[in-house]
Amino acid sequence: MVVRDISFSIGGRLPIGGGAPVIVQTMCNTSTDDIEGSLAQCRAMAAAGAGLIRLTTQGLKQVESLREIKQRLRAEGIGTPLVADIHFLADAALAAASVADKVRINPGNFAREHAVACAKFRELIALCKTHGTAIRIGLNHGSLGERITQRYGNTPLAMKEAVMEWLRMCTAEDFYRVVVSLKASNTCVMVEAYRLLDAAMREELGCRFPLHLGVTEAGGGDEGRIKSAVGIGTLLGEGIGDTIRVSLTEDPVHEIPAGEQIVAAIADGYSPRGGRTCVEADGWDDFIIKGSCLWGPSLLDRRIDDFSLEGSTIGGSPVPAADGENFRDLLLQACRRRFTRPEYIACPGCGRTLYDLESTFNEVKRRTGHLAGLKIAVMGCVVNGPGEMADADYGYVGEGRGHVTLYRGKEPVLRRIPQEEAIDRLLELIESDTRRGG
Ligand code: SF4
């Protein structure tokens, strides 16, 4: 059977799919209504080489802000295609179809009733056809609807099945300007979901829609880079993936070099199929990304249990022993093979975040670093945070300006407490649960 690779251009200028270069993208963490702040961030992202820039678009007001941001960037000669990030409001997606170059949606969130969601999705497709706009169908592991999870559980299979429903509708409507993502914070779930989808598109649809790869809530620093490189690098090394985002709980401009390093590592043969056995890196970030792309896939798929750093160098010198051990611990944990420290699940933040997520996350990490084995989530907003924090044991979730709700598992246990107290209260909660043997 001949499988057709779907390809098109986003915003009339950016080719995607069908063997086009992998696009490295990122997302503003500013409020989209803060036009000047968003413009400054877009300029910095474009200068850093972002192929696509996404902005939070909760409602119609933000669609208008996005319109102004786009007009001003174009007037400055910055042509980077812009993506409207819609979560729930179908009307915002419909309005954004004539403004953004691409609209990111999860059509299942448009309405409780599936038939209503389908009708809204068809309406969106019609508008995107008229305006030449692309759609990303973005399903996350944490946001699958009950209709799907009741049939397939909260599994990679459920993610694949959910997205295939929408893709069948796209092909029936003869609409192919579509990119798909199936993100999860668990690298095993993420990789499995994309592999299943790639196979299903080939076998059932006879075509491959371009895929957007990413590990959600990967956190920041070395952990965020390693987790992302394992998930994204595994798939890119298998020829799966057309655009990537390394989500970091940091300045989003940092996501661009991290993404470029992953793409370059795969191109340089740092994958199980690339024939390399050790890493020759220019610096630390380059080393952890190349090493994650080289050994991560085999650890993830349980083909190996450990790896040797013999022969690996950073800047021509052997990797210092302590740094090598630190990397080993982080990579084994990212591949879910050995847990030696707490697991952090942190969103990158976006226009819905109303507190300083990065410094809060770093402070939470500093104060909970001794709690090996626990999963602790730090999420920017209550709209998506609780759903997206997966199976975290505890969650620190922003709820309105200056307030935080603390979760034990999926249960909110301390609501809307002032942010200044929240980390202390989180530690008290964990300590009292530990004393009670929880
Ligand atoms: S959890 Fe909320 S704040 Fe964080 S990235 Fe998702 S939508 Fe944005």
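Reading guide: rules and limits
- Residues numbered from 1 in each chain as written.
- Predicted model: local features only at pLDDT ≥ 70, side-chain atom pairs only at ≥ 80, totals over all residues.
- Near = placed C-beta within 6 Å.
- Nonpolar A, V, L, I, M, F, W, Y, C, P; charged D, E, K, R; others polar.
- Axes fitted to C-alpha atoms, helices over the stretch in contact; angles between N-to-C directions.
- Helix = DSSP H or I, 4+ residues; strand = E, 2+ residues; numbered from the N terminus.
- Parallel < 35°, antiparallel > 145°, perpendicular 65-115°, else oblique.
- Left-handed = near helix turned anticlockwise from the far one by under 90°.
- Contact = placed C-beta atoms within 7 Å.
- Pairing = 2+ DSSP bridges.
- Core = buried A, V, L, I, M, F, W, Y, C linked by C-beta atoms within 7 Å.
- Buried ≥ 20, exposed ≤ 12 C-beta atoms within 10 Å, placed from the backbone.
- Domains from an automatic or database assignment.
- Expected span 1.5 Å × (residues − 1).

Peer 1: Is there a simple way to explain the site of the ligand in this structure?
Peer 2: Taken together, 13 residues surround the ligand, and among them Cys347, Cys350, Gly380, Cys381 and Asn384 come closest. Each residue belonging to the shell around the ligand can be placed in one class, and the counts come to six nonpolar, five polar and two charged.

Peer 1: I'm lost on the packing of helix H1 (residues 35-48) against helix H2 (residues 60-75) in this one. Help?
Peer 2: Relative orientation and spacing of two packed helices are given, respectively, by the angle between their axes and the distance between those axes. Between H1 and H2, the shortest axis-to-axis distance is 10 Å and the interhelical angle comes to 45 degrees. It follows that H1 is oblique to H2 by the angle criterion. The crossing of H1 and H2 is right-handed. Packed against H1, whose contacting residues are Ile35, Ser38, Leu39 and Cys42, the element H2 presents Ser65, Glu68, Ile69, Arg72 and Leu73 at the interface. Grouping the constituent residues of the contact of H1 with H2 by class yields five nonpolar, two polar and two charged.

Peer 1: Please clarify how the packing of helix H8 (residues 221-236) against helix H11 (residues 321-334) should be interpreted in this entry.
Peer 2: As a packed pair, H8 and H11 sit with axes 9 Å apart at the nearest point and diverge in direction by 50 degrees. With respect to H11, the element H8 is oriented oblique. In this structure, H8 crosses over H11, and the sense of that crossing is right-handed. Where H8 approaches H11, its residues Asp222, Glu223, Ile226, Lys227 and Val230 are matched on the opposing element by Leu330, Leu331 and Ala334. Here the contact of H8 with H11 is built from residues that sort into five nonpolar, no polar and three charged.

Peer 1: Got a minute to help me understand the pairing of strand E20 (residues 411-418) in this structure?
Peer 2: Remark: a regular strand shows side chains that alternate across the two faces of the sheet. By the bridge criterion, five bridges tie strand E19 (residues 403-408) to E20 in an arrangement that is antiparallel. Within the sheet, the bridge partner assigned to valine 404 lies in E20 and is isoleucine 417. Counting the residues that bridge the hairpin from E19 to E20 gives two residues, and of these glycine 409 lies at a positive phi of roughly 60 degrees.

Peer 1: Would you explain the nonpolar core in this entry?
Peer 2: Most often, soluble globular proteins keep nonpolar side chains buried together rather than apart. Residues Ala84, Ala93, Ala96, Val103, Val163 and Ile262 are the most contacted members of the largest nonpolar core, which totals 105 residues. Among the domains, domain 1 (4-213) and domain 2 (217-230 + 253-338) are the pair contributing at least three residues each to this core. Non-local contacts of alanine 96, meaning those with residues more than four positions away in its chain, are made with Thr57, Val63, Leu66, Ala84, Ile86 and Val103. One finds Met389, Ala392, Tyr394 and Val397 within the second-largest nonpolar core, a separate group that totals 24 residues.

Peer 1: Whenever I open this one, the pairing of strand E4 (residues 23-27) confuses me. Can you help?
Peer 2: For E4, the buried fraction is high: five of the five residues fall into the buried class. Burial of E4 is two-sided: the residues Ile23, Gln25 and Met27 facing one way and the residues Val24 and Thr26 facing the other way are all buried. As defined by bridge partners, E4 adjoins strand E12 (residues 243-244) across two bridges and the pair is classed as parallel. Bridging across to E12, isoleucine 23 finds its partner in threonine 243. Looking at chain direction, E4 and strand E5 (residues 52-56) are connected through three bridges and run parallel.

Peer 1: Even after reading the chapter, I still don't get the sheet that holds strand E14 (residues 313-314), so can you show me in this structure?
Peer 2: Across the sheet, which stays open at both edges, the three strands sit in the order E13-E14-E15 with mixed pairing between neighbours. For this open sheet the edge positions go to strand E13 (280-281) and strand E15 (317-318), each flanked by a neighbour on one side alone. Examined bridge by bridge, E14 and E15 share two bridges and lie antiparallel to one another. Residue pairing in the sheet places isoleucine 314 in a bridge with serine 317 of E15.

Peer 1: I tried to follow helix H14 (residues 419-435) on my own but got confused; where do I start?
Peer 2: Each full turn of the α-helix corresponds to 3.6 residues, which orients residues three or four apart in the same direction. The end-to-end C-alpha distance of H14, which contains 17 residues, comes to 25 Å, matching closely the 24 Å that a straight helix rising 1.5 Å per residue would cover. Just beyond H14, the residue with positive phi is glycine 437, at close to 80 degrees.

Peer 1: What should I look at first to understand the sheet that holds E12 in this one?
Peer 2: Pairing between sheet strands relies on hydrogen bonds along the backbone, with the strands arranged either parallel or antiparallel. Strand order in the open sheet made by the eight strands is E9-E8-E7-E6-E5-E4-E12-E11, with parallel pairing throughout. Edge positions in the open sheet fall to strand E9 (178-183) and strand E11 (212-213), since each of these has one partner strand only.

Peer 1: What is the right way to look at the domain arrangement of the protein in this model?
Peer 2: By a widely used convention, the size of an interface equals the accessible area lost when the partners come together. What the domain assignment reports for the protein is domain 1 (4-213), domain 2 (217-230 + 253-338) and domain 3 (343-435). Of note, the centres of domain 2 and domain 3, computed from C-alpha atoms alone, are 28 Å apart. Each partner contributes to the interface: domain 2 provides five residues, whereas domain 3 provides nine residues. Taken together, the residues that form the side of domain 2 that touches domain 3 break down as no nonpolar, three polar and two charged.

Peer 1: When you look at the environment of isoleucine 10 in this model, what are you seeing that I'm missing?
Peer 2: Residue position: isoleucine 10 is located in strand E2 (residues 8-10). Among the residues examined, isoleucine 10 registers 26 C-beta atoms within 10 Å and is labelled buried. Taking the C-alpha atoms as reference points, isoleucine 10 and arginine 337, separated by 327 residues in sequence, lie 39 Å from one another. Discounting residues that sit within four places of it in the chain, isoleucine 10 has contacts with Ile16, Leu52, Pro81, Asp101, Lys102 and Ala134.

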